[in-house]
Amino acid sequence: MRLAIRDKLTHALNGWVSRKFNSALCSSPFSWTKVQKMITPPCETPKQASIGRLFAVGIDVGCEKCSISVLRPDKTVVIKPLEFTNDAQGYAFVLTKLESLGVIPAQITIGLEATGRYWENLYHYLARLGYNLILLHPVQTHQFAQRRGLRAKTDALDAGTIARVVLSDEARPAYVPGDLVATYRELVRLHSNLADEIGRYRNEIHALLFVIFPEYTQVFADPCRPTALSLYPSRQAIAEVPIGILSAKLIELSNGHYGLKTAERLLTLSKKSASSGLASNARAQGLVILCDQLLHTQANLEILESEIAQLLQKDEAAKKLAEIPEFGPKTIAGLRAELGEVGRFTNCNQVVAYAGLDLTVKESGKWKGKVKLSKRGSGRLRRLLYMVALVSLRLKVSAFGDYYRELRKRGMNGRSALMAVMRKMLITAYSLLKNDSTFDPKKVWIGAKFVAKELPLVAQVA
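Values in this document were obtained by computation on a predicted structure and should not be read as measured data.

What counts and how
Residues numbered from 1 in each chain as written. Predicted model: local features only at pLDDT ≥ 70, side-chain atom pairs only at ≥ 80, totals over all residues. Heavy atoms only, no water. Helix = DSSP H or I, 4+ residues; strand = E, 2+ residues; numbered from the N terminus. Buried < 20%, exposed > 50% of the residue type's maximum accessible area, 1.4 Å probe, protein only. Contact = heavy atoms within 4.5 Å. Axes fitted to C-alpha atoms, helices over the stretch in contact; angles between N-to-C directions. Parallel < 35°, antiparallel > 145°, perpendicular 65-115°, else oblique. Nonpolar A, V, L, I, M, F, W, Y, C, P; charged D, E, K, R; others polar. Lys, Arg positive; Asp, Glu negative; His and termini not counted. Salt bridge = Lys/Arg side-chain N within 4 Å of Asp/Glu carboxyl O. Polar contact = N/O pair within 3.5 Å; in protein donor to acceptor, adjacent residues only side chain to side chain. UniProt positions renumbered as here; feature names shortened; annotations may be inferred. Pairing = 2+ DSSP bridges. Phe/Tyr/Trp six-rings, centres within 6.5 Å; stacked < 30°, edge-to-face > 60°. Lys NZ or Arg CZ within 6 Å of the ring centre and 35° of its normal.

1. Considering the side chain of Ser392
One can find Ser392 in helix 16 (residues 379-394). On the basis of relative accessibility, which here comes to 0%, the residue Ser392 falls in the buried class. If we ignore the near neighbours within four places in the chain, the residues touching Ser392 are Glu326, Ser398, Phe400, Gly401, Val421 and Met425.

2. Looking at the packing of helix 5 (residues 138-148) against helix 6 (residues 155-167)
Viewed as axis vectors pointing N to C, helix 5 and helix 6 meet at an angle of 95°, and their least axial separation amounts to 10 Å. It follows from the interaxial angle that helix 5 and helix 6 lie roughly perpendicular. Taking contact as the criterion, the partners of Thr141, Phe144, Ala145 and Arg148 in helix 5 are, on helix 6, Thr161, Ile162, Arg164 and Val165. Considered class by class, the residues forming the contact of helix 5 with helix 6 number four nonpolar, two polar and two charged.

3. A closer look at the side chain of Glu113
By secondary structure assignment, the location of Glu113 is in strand 4 (residues 108-113). Among buried charged residues, Glu113 stands out as having no salt bridge; its nearest opposite-charge side chain is Lys153, 5.8 Å away. In this structure the side chain of Glu113 is engaged in a polar contact, spanning 2.3 Å, whose partner is the side chain of Thr141. The residues contacting Glu113, other than those within four sequence positions of it, are Ile59, Asp60, Val61, Trp119, Leu135, Leu136, Pro138, Thr141 and Ile162.

4. Focus on the environment of Glu326
Looking at the secondary structure, you find Glu326 in the loop between helix 13 (316-321) and helix 14 (329-339). Filtering out sequence-adjacent residues up to four positions away, Glu326 remains in contact with Val388, Ser392, Leu395, Ser398, Ala399, Phe400 and Met425. Side chain to side chain, Glu326 and Ser398 meet in a polar contact 2.5 Å long.

5. Examining the UniProt feature "coiled-coil region" (unreviewed entry) in the protein chain
According to UniProt, the "coiled-coil region" (unreviewed entry) feature falls on residues 294-321. Secondary structure over residues 294-321 splits into 96% helix and 0% strand, and the C-alpha atoms at its two ends are 32 Å apart.

6. Some remarks on the pattern of salt bridges
This model, assessed by the stated rule, comprises 16 salt bridges. The shortest N-O distance in the salt bridge between Asp158 and Lys153 comes to 2.8 Å. With relative accessibility at 14%, the residue Asp158 sits in the buried group. Three or more residues joined by partner-sharing salt bridges are found here, namely Glu197, Arg200 and Glu204.

7. Considering the sheet that holds strand 5 (residues 132-136)
Within the open sheet, the five strands sit side by side as 3-2-1-4-5. Their pairing is mixed. Both outer strands of the open sheet, strand 3 (77-85) and strand 5, are each paired with one neighbouring strand and no more. Averaged over all neighbouring strand pairs, the angle between strand axes comes to 20°, with direction disregarded. In terms of strand pairing, strand 2 (residues 65-71) meets strand 3 through six bridges, oriented antiparallel. By the bridge assignment, Lys65 is partnered in strand 3 with Thr85. Here helix 3 (residues 88-99) sits on the sheet in contact with strand 1 (55-60), strand 2, strand 3 and strand 4, set at roughly 170° to strand 3. With respect to the sheet, helix 6 is in contact with strand 1, strand 2, strand 3, strand 4 and strand 5, its orientation differing from that of strand 1 by roughly 140°.

8. Some points on the packing of aromatic side chains
For any pair of aromatic rings, the description consists of the separation of the ring centres together with the inter-plane angle of the planes. Scanning the model with the defined rule gives seven aromatic pairs in all. Arranged with centres 5.5 Å apart and planes meeting at 90°, the rings of Trp119 and Tyr123 form a pair that is edge-to-face. Each member of the pair, Trp119 as well as Tyr123, carries the same accessibility label: buried. Feature note: the residues Phe213, Tyr216, Phe220 and Tyr258 constitute an aromatic cluster, connected by ring pairs. Of note, Arg344 hangs over the ring of Tyr354, and the distance from its end group to the ring centre comes to 4.9 Å.

What follows is the structure, encoded as structure tokens:
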């Protein structure tokens, strides 16, 4: 009678163990430890023997609530998903659960998802205690959950998914900046947000002014300049102000640049305005508020620029980037913020991929797609390089501008040539920081001219 495959495997294994066991008994001296090692097949060697793999912890971080789940290397659940608060009391709860595992912190690997800024306090709290930490990008956990075929998405499921990502050895740790780079990021990103707010306020003021007093731009080409803003224009209000008071106000606000002639023109236009006068009081009040918000934001922006300038003066890496003529203080601060410590990159290809400036190709059978940028890196870094590349094209003497024109002569289209300039700028900045070298325009393009920077770092304009 033929045995089943399972029975054959059992007999074979028993025979292998018996032979090894008898050999150990006959050997001298007798060692039970040696026998134990022999009766354990090589394929059954536990993963727990490797440091950092005794337990995998997944923590789904939220603003107020977090979830934690603990797995063994064989994916068995040790601690089912538990919820805790994202504060000191919740951190103490997490520490109690981790200590209950009975191993040293170095044998526990903890994965956290980079959710806004909510992960930062917990991450550094656990790092100070000696735990192995992996900060995961949300895209990684989302794709991993899709491969598992999960249909639901809850905090408890996310915690388990994060723990499984840690066990899969596919986790790509996100970059955790140090104090200097984190300071750059706070200042530069807030500066960018305020600059965007200023643009939004200006657009709203233009749109509102068009229905309140459309002729106002005939006197002030830019109605958002300080003198024009301080008048808080309203057609009815200007028409009712005596010309002497209006002219005196203009002289005071503009330091004598505007005076009686400007006041007379404003009065004339206000009386012949095409404004409908609809909701004039509400719109005038809204215009006053918008103008006040714009002035306030501009003042805060100047404070931030002063802080950034002081930070650049103390940063040796920023002084290396200042050797590139096309880079002003805002550009340098942006590169320091978004590029971070370049020591974590082994070559320039990794830097290009980090910025999302690497090329991607999609092909299937006879179908061949277009070669495009991956755009899977830092969007802020790409935006910064794009603006600086455009500026370099308008400069009379620029190694990067010359490089662009050379690529155009070779037949490359404008968009591709501009992307090449962005990559060249990024690689140049990386080389200066990584190798502590000096900027040489000949390395950008062989026919470039050298132009040294004469202005101090804080006086340049990005």
